[in-house]
Amino acid sequence: MILVILVISALLFAGSFIFAKSAIQNTIAVVLGLVFIASLTLVTLNYSQHFGMEKVTVTTKDKGQTLYSSINSEGVNVLMYQPLGDGTEKVYLYNTKQDQKTPAKTGTDHVVNEVKKASGDQATLVQSKTYWEYQSDWSRLLFGIADNDHELTEEHNTFYLPETWTELTVDQVKAFGELMAKQQDQLKKDGKTYVTEQVMAAMKKNPALSAAEQKALTEKATAEFQAQAIQKALAEVKSK
């Protein structure tokens, strides 16, 4: 609307100024000139200072969005990121659904990312986004043609990760997958040996262990070995 007023006032001012022959016509020309100047000023202020707009902040719920591992690998929870430039800026790739095929990612413009330790066992993401929005329908009518409503001015992402989670770059995730695949056969052998030794040691202390107790011990030892193998592999890829 403001651009329409600007164009019309400019045309009418030019026509009135050129063809003005009386004091009234000169007055009209001056008024139209003032309207043109005022319209131009408002357009400039809207563009440079967001005149007629206000900042609106939208924040996720206090508990945040539940996060799931960025990679589909049992027993390991990863928040993946892609370092940019000198590595101080990062784009995080994260999942908010358990069966999510393509991770969501943080932006790069007006974005601040922060990773904190979670007090519980659940990883979460708290997002806070601030937008420029028009203060009223009248402001939107005047300046809406500029298409700058709901313009993102700031985004703050806080990832809360439990101790069981780790951060890996995209390249480290790839290296982790390759390493686990390469060691698969050896891990099966080592895992079987580890579990057998744990069960035998337990039975040596208590020969009366029931079948159910032996099964539970086997499952526990298997989980322990898998966790150790994963942590060892993670430490290896992160050290490179």
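All residue numbers refer to position in the chain's written sequence, counted from 1. In keeping with the predicted nature of the model, local features appear solely for residues at pLDDT of at least 70, side-chain atom pairs appear and are counted solely at 80 or more, and the whole-chain, interface and lining totals rest on all residues. Derived side-chain values reflect all non-hydrogen atoms in the structure, with water molecules and hydrogen atoms excluded from consideration.

(A) Inspection of the layout of surface pockets at higher detail. A pocket, in this scheme, is an open set of points on a 1 Å grid over the protein atoms alone with protein on both sides within 12 Å along at least 5 of 7 lines, while a cavity is a set where a 1.4 Å probe fits but cannot get out; residues line either one if an atom lies within 4 Å of a point. Grid points are joined across faces, edges and corners, and a volume is the space filled by probe spheres set on the points. Within this model, the largest pocket holds a volume of roughly 400 Å³. Forming the walls of the largest pocket are 16 residues, and the residues nearest its centre are Met180, Phe225, Gln226, Ala229 and Ile230. The helix and strand labels rest on DSSP assignments: H or I over at least four residues marks a helix, E over at least two residues marks a strand, and numbering proceeds from the N terminus. Elements represented by at least two residues in the lining of the largest pocket include exactly α5 (184-205) and α6 (211-239). The biggest single contributor to the lining of the largest pocket is α6, with 7 residues. Looking at the lining of the largest pocket residue by residue, the classes come out as 8 nonpolar, 5 polar and 3 charged. Approximately 320 Å³ is the volume attributed to the second largest pocket. Residues are sorted three ways: Asp, Glu, Lys and Arg are charged, Ala, Val, Leu, Ile, Met, Phe, Trp, Tyr, Cys and Pro are nonpolar, and all the rest, Gly among them, are polar. The residue makeup of the lining of the second largest pocket, split by class, is 7 nonpolar, 10 polar and 3 charged.

(B) Broad picture of the packing of aromatic side chains. Ring pairs are drawn from Phe, Tyr and Trp, using the six-membered ring of Trp, whenever the two centres fall within 6.5 Å, and their geometry is named by plane angle: stacked under 30 degrees, edge-to-face over 60, tilted for the rest. Scanning all chains against the criterion turns up 4 aromatic pairs. Aromatic side chains tyrosine 194 and phenylalanine 225 sit 5.7 Å apart centroid to centroid with 40° between the ring planes, which places their arrangement in the tilted category. Residue tyrosine 194 is located in helix α5, and its partner phenylalanine 225 is located in helix α6; the two are separated by 31 residues in the primary sequence. Assessed through its relative accessible area of 18%, tyrosine 194 is described here as buried. By way of ring pairs, the aromatic residues Tyr81, Tyr92, Tyr94 and Phe159 are connected into one cluster. If you follow lysine 90 out to its NZ or CZ, it ends over the ring of tyrosine 81, 4.4 Å from the centre. Relative accessibility under 20% of the residue-type maximum defines a buried residue, over 50% an exposed one, and the middle range a partly exposed one, all with a 1.4 Å probe and only protein chains included. The criterion for a charge sitting over a ring is simple: Lys NZ or Arg CZ within 6 Å of the ring centre, and within 35 degrees of the ring normal.

(C) Expanded view of the nonpolar core. Remark: nonpolar core denotes a set of buried residues (Ala, Val, Leu, Ile, Met, Phe, Trp, Tyr, Cys) joined through side-chain atoms within 4.5 Å. The biggest cluster of nonpolar side chains holds 13 residues, and the ones touching the most others in it are Ile71, Val76, Val78 and Phe176. The set of elements that each furnish at least two residues to this core consists of β3 (77-84), α4 (170-182) and α6. At 4 residues, α6 tops the list of elements feeding residues into this core. For isoleucine 71, the residues in contact, after removing those within four places along its chain, are Val76, Val78, Met80, Val173 and Phe176. Two residues form a contact once any of their heavy atoms are found within 4.5 Å.

(D) Structural context of the environment of lysine 188. Within the fold, lysine 188 resides in helix α5. For lysine 188, a relative accessible area of 56% translates into the label exposed.

(E) Examining the side chain of threonine 166 more closely. Following the sequence through the fold, threonine 166 ends up in strand β9 (residues 165-169). With near-sequence residues (within four places) excluded, threonine 166 lies in contact with Asn77, Val78, Leu79, Leu234 and Lys238.

(F) Fine view of the packing of α5 against α6. Contact pair α5 / α6: the axes reach a minimum separation of 9 Å and the direction vectors enclose 135°. For the element pair α5 / α6, the angle class is oblique. The chirality of how α5 crosses α6 is right-handed. Contacts between α5 and α6 involve Leu187, Asp190, Gly191, Tyr194, Val195, Gln198, Val199, Ala202 and Met203 on the former and, on the latter, Gln214, Leu217, Thr218, Ala221, Thr222, Glu224, Phe225, Gln228 and Ala229. Split by residue class, the contact of α5 with α6 holds 10 nonpolar, 6 polar and 2 charged. As a rule, the C-alpha atoms of each element are fitted with a line to give its axis, helices using only the stretch in contact, and angles between N-to-C directions run from 0 to 180 degrees. Working rule for angles: under 35 degrees goes down as roughly parallel, over 145 as roughly antiparallel, 65 to 115 as roughly perpendicular, anything else as oblique. Left-handed describes a crossing whose near helix is turned anticlockwise from the far helix through less than a right angle; right-handed describes the clockwise counterpart.

(G) Representation of α4 in the model. Its 13 residues give α4 an end-to-end C-alpha distance of 19 Å, which sits within 8% of 18 Å, the value for a rise of 1.5 Å per residue. Considered for burial, the residues of α4 that qualify are Gln172, Val173, Phe176 and Leu179. Projection of α4 onto a plane perpendicular to its axis shows the buried side chains occupying an angular sector of 130°, all on one side. When the buried face of α4 is taken as reference, the exposed residues oriented beyond 90 degrees from it are Asp171, Lys174, Ala181 and Lys182. Here the buried face of α4 lies against β3, β9 and α6. A helix is expected to reach a length of 1.5 Å times the quantity of its residues less one. The arc under discussion is defined with respect to the helix axis, by the directions toward the C-beta atoms.

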